[in-house]
Amino acid sequence: MQRTATDEGRSLPTQALPILATGLRVVRDGRVLVDDVDLKITSRDRTTAIIGPNGAGKSLLMRILAGLMVPDAGAVTWAGAPPNRARAQHVGVVFQRPVLLRRSALANVEYVLKIAGVPAHDRPSRAAVALDEAGLTGVAMSPARLLSGGEQQRLSLARALALSPDVLMLDEPTANVDPASTAAIERRIGKARDEGTCVVLVTQDLGQARRLASDVVFMHEGRIRERTAAEQFFAQPTTREAAMFLKGEIVL
């Protein structure tokens, strides 16, 4: 059943939204990597792209928002409470490099459904649908670790979306894949967003950000320098650093 952003004009219940980050700070070896970051993610059917130069703190911020990392200062809440394992299935995460089990593509998805408590008789059909939506039906019984890089990343995305999460977080999901897989991944992300999933996308690909983003968070030196609608950001950034970044210049 397709999920929509509202039901009779009312917001549907969520276990993860809004995601609220306040005063986030991460320090390693005396270097401040994330510095006093405040961020609120609220809308189901929008894509927030987090962009910026290498070392800006983008991936660290995503890991903290996903509950995978505890900041040195500050806090994150999901729907008003700290992240916890019981609600982890409501936040899907896809990393730059896939982490797959030594079993078939289908079994990889079924395992995630099992961990989430989906009844055994429902798992095969739900896993098959997830693979079909990722264009992977033809390799369902193939060993996951023998798939091509693009297929492995599409499998990671299928696995994350099989649980219909409130939020899908992606860290450079197409950095190491071929153009055809990039297109397939972007289509699947767009479909998830249109069906009511909130998407948070870390990307270095400005073309991808232009194609997918509803909102842009621009980071530099661990801080959020701009947060605005994507159309406005790409047309007229308000900071010198963002303007330089969009021009392809080195941002110091």
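Caption draft 1: Structural view of the overall build of the chain. When its secondary structure is counted, the chain shows 8 helices and 11 strands. Computed over C-alpha atoms, the radius of gyration of the chain comes to 18 Å, within 12% of the 18 Å expected from 2.2 N^0.38 for 252 residues, which places it in the range of a compact globule. Dimensions of the chain along its principal axes, counting C-alpha atoms only, are 55 × 45 × 40 Å. Burial analysis of the chain (252 residues in total) assigns 49% to the buried set. Partitioning the contacts of the chain with sequence separation of at least 6, the portion at a separation of at least 24 is 68%.

Caption draft 2: Up close: the side chain of Thr182. Checked against the element boundaries, Thr182 lands in helix H5 (residues 179-194). Thr182 has contacts with Thr174, Val177 and Gln208, leaving out every residue within four places of it along the chain.

Caption draft 3: Structural view of the sheet that holds strand E10 (residues 215-220). Spatial strand order, E7-E8-E9-E5-E10-E11: 6 strands in an open sheet with mixed pairing. If you trace the sheet from one side to the other, it starts and ends with strand E7 (91-94) and strand E11 (223-229), each paired once. With direction set aside, neighbouring strand axes in the sheet form an average angle of 15°. Relative to strand E9 (residues 198-202), strand E8 (residues 167-171) runs parallel, the two sharing 5 bridges. Bridge assignment links Val167 to a residue of E9, and that residue is Cys198. Where helix H4 (residues 149-161) meets the sheet, its contacts fall on E7 and E8, and the angle it forms with E7 comes to roughly 175°.

Caption draft 4: Highlighting H5. Relative to the 22 Å expected for 16 residues at 1.5 Å per residue, H5 spans 22 Å between its end C-alpha atoms, a close match to the ideal helical length. Within the span of H5, buried status applies to Ser181, Thr182, Ala184, Ile185, Glu186, Arg188, Ile189, Gly190, Ala192 and Arg193. The inward-facing, buried residues of H5 contact strand E5 (47-51), helix H3 (123-133), H4, E8, E9 and helix H6 (206-212). The opening residue of H5, the one whose side-chain oxygen lies 3.2 Å from the backbone nitrogen of Ala180, is Asp178. Following H5 by one or two positions, Gly196 adopts a phi angle in the positive range, close to 110°.

Caption draft 5: Molecular detail of the packing of aromatic side chains. A full pass over the atoms with the stated rule returns 3 aromatic pairs. Measuring from centroid to centroid gives 5.4 Å for Phe233 and Phe234, while their planes differ by 80°, and the two rings are edge-to-face. Note on Phe233: relative accessible area 0%, which makes it buried. An aromatic cluster of three or more residues is present, and its members are Phe218, Phe233, Phe234 and Phe245. The ring centre of Tyr111 lies 5.0 Å from the NZ or CZ of Arg103, which sits over that ring.

Caption draft 6: Structural context of the packing of H4 against H5. Running from N to C, H4 and H5 cross one another at 10°; their axes reach a closest spacing of 9 Å. Taken together, H4 and H5 sit at an angle that is classed as roughly parallel. On H5, the residues touching Gly150, Glu151, Gln153, Arg154, Leu157 and Leu161 of H4 are Ser181, Ala184, Ile185, Arg188, Ile189 and Ala192. Its residues placed into classes, the contact of H4 with H5 shows 6 nonpolar, 3 polar and 3 charged.

Caption draft 7: Quick look at the nonpolar core. Grouped together as the largest cluster of nonpolar side chains are 29 residues, with contacts concentrated most on Ile19, Leu24, Leu61, Leu65, Val76, Val167 and Met169. Contributing elements (two or more residues each) for this core: strand E3 (19-28), strand E4 (31-41), helix H1 (58-65), strand E6 (73-78), E8, E9 and E10. When residues no more than four places from it in sequence are discounted, the contact partners of Val167 are Ala16, Leu17, Ile19, His90, Val91, Gly92, Thr197, Cys198 and Val200. By size, the runner-up hydrophobic cluster in this structure holds 19 residues, among which are Val109, Val139, Leu155 and Leu163.

Criteria and thresholds
- Residues numbered from 1 in each chain as written.
- Predicted model: local features only at pLDDT ≥ 70, side-chain atom pairs only at ≥ 80, totals over all residues.
- Heavy atoms only, no water.
- Helix = DSSP H or I, 4+ residues; strand = E, 2+ residues; numbered from the N terminus.
- Rg over C-alpha atoms; globule rule 2.2 N^0.38 Å.
- Buried < 20%, exposed > 50% of the residue type's maximum accessible area, 1.4 Å probe, protein only.
- Contact = heavy atoms within 4.5 Å.
- Pairing = 2+ DSSP bridges.
- Axes fitted to C-alpha atoms, helices over the stretch in contact; angles between N-to-C directions.
- Expected span 1.5 Å × (residues − 1).
- Polar contact = N/O pair within 3.5 Å; in protein donor to acceptor, adjacent residues only side chain to side chain.
- Phe/Tyr/Trp six-rings, centres within 6.5 Å; stacked < 30°, edge-to-face > 60°.
- Lys NZ or Arg CZ within 6 Å of the ring centre and 35° of its normal.
- Parallel < 35°, antiparallel > 145°, perpendicular 65-115°, else oblique.
- Nonpolar A, V, L, I, M, F, W, Y, C, P; charged D, E, K, R; others polar.
- Core = buried A, V, L, I, M, F, W, Y, C linked by side-chain atoms within 4.5 Å.

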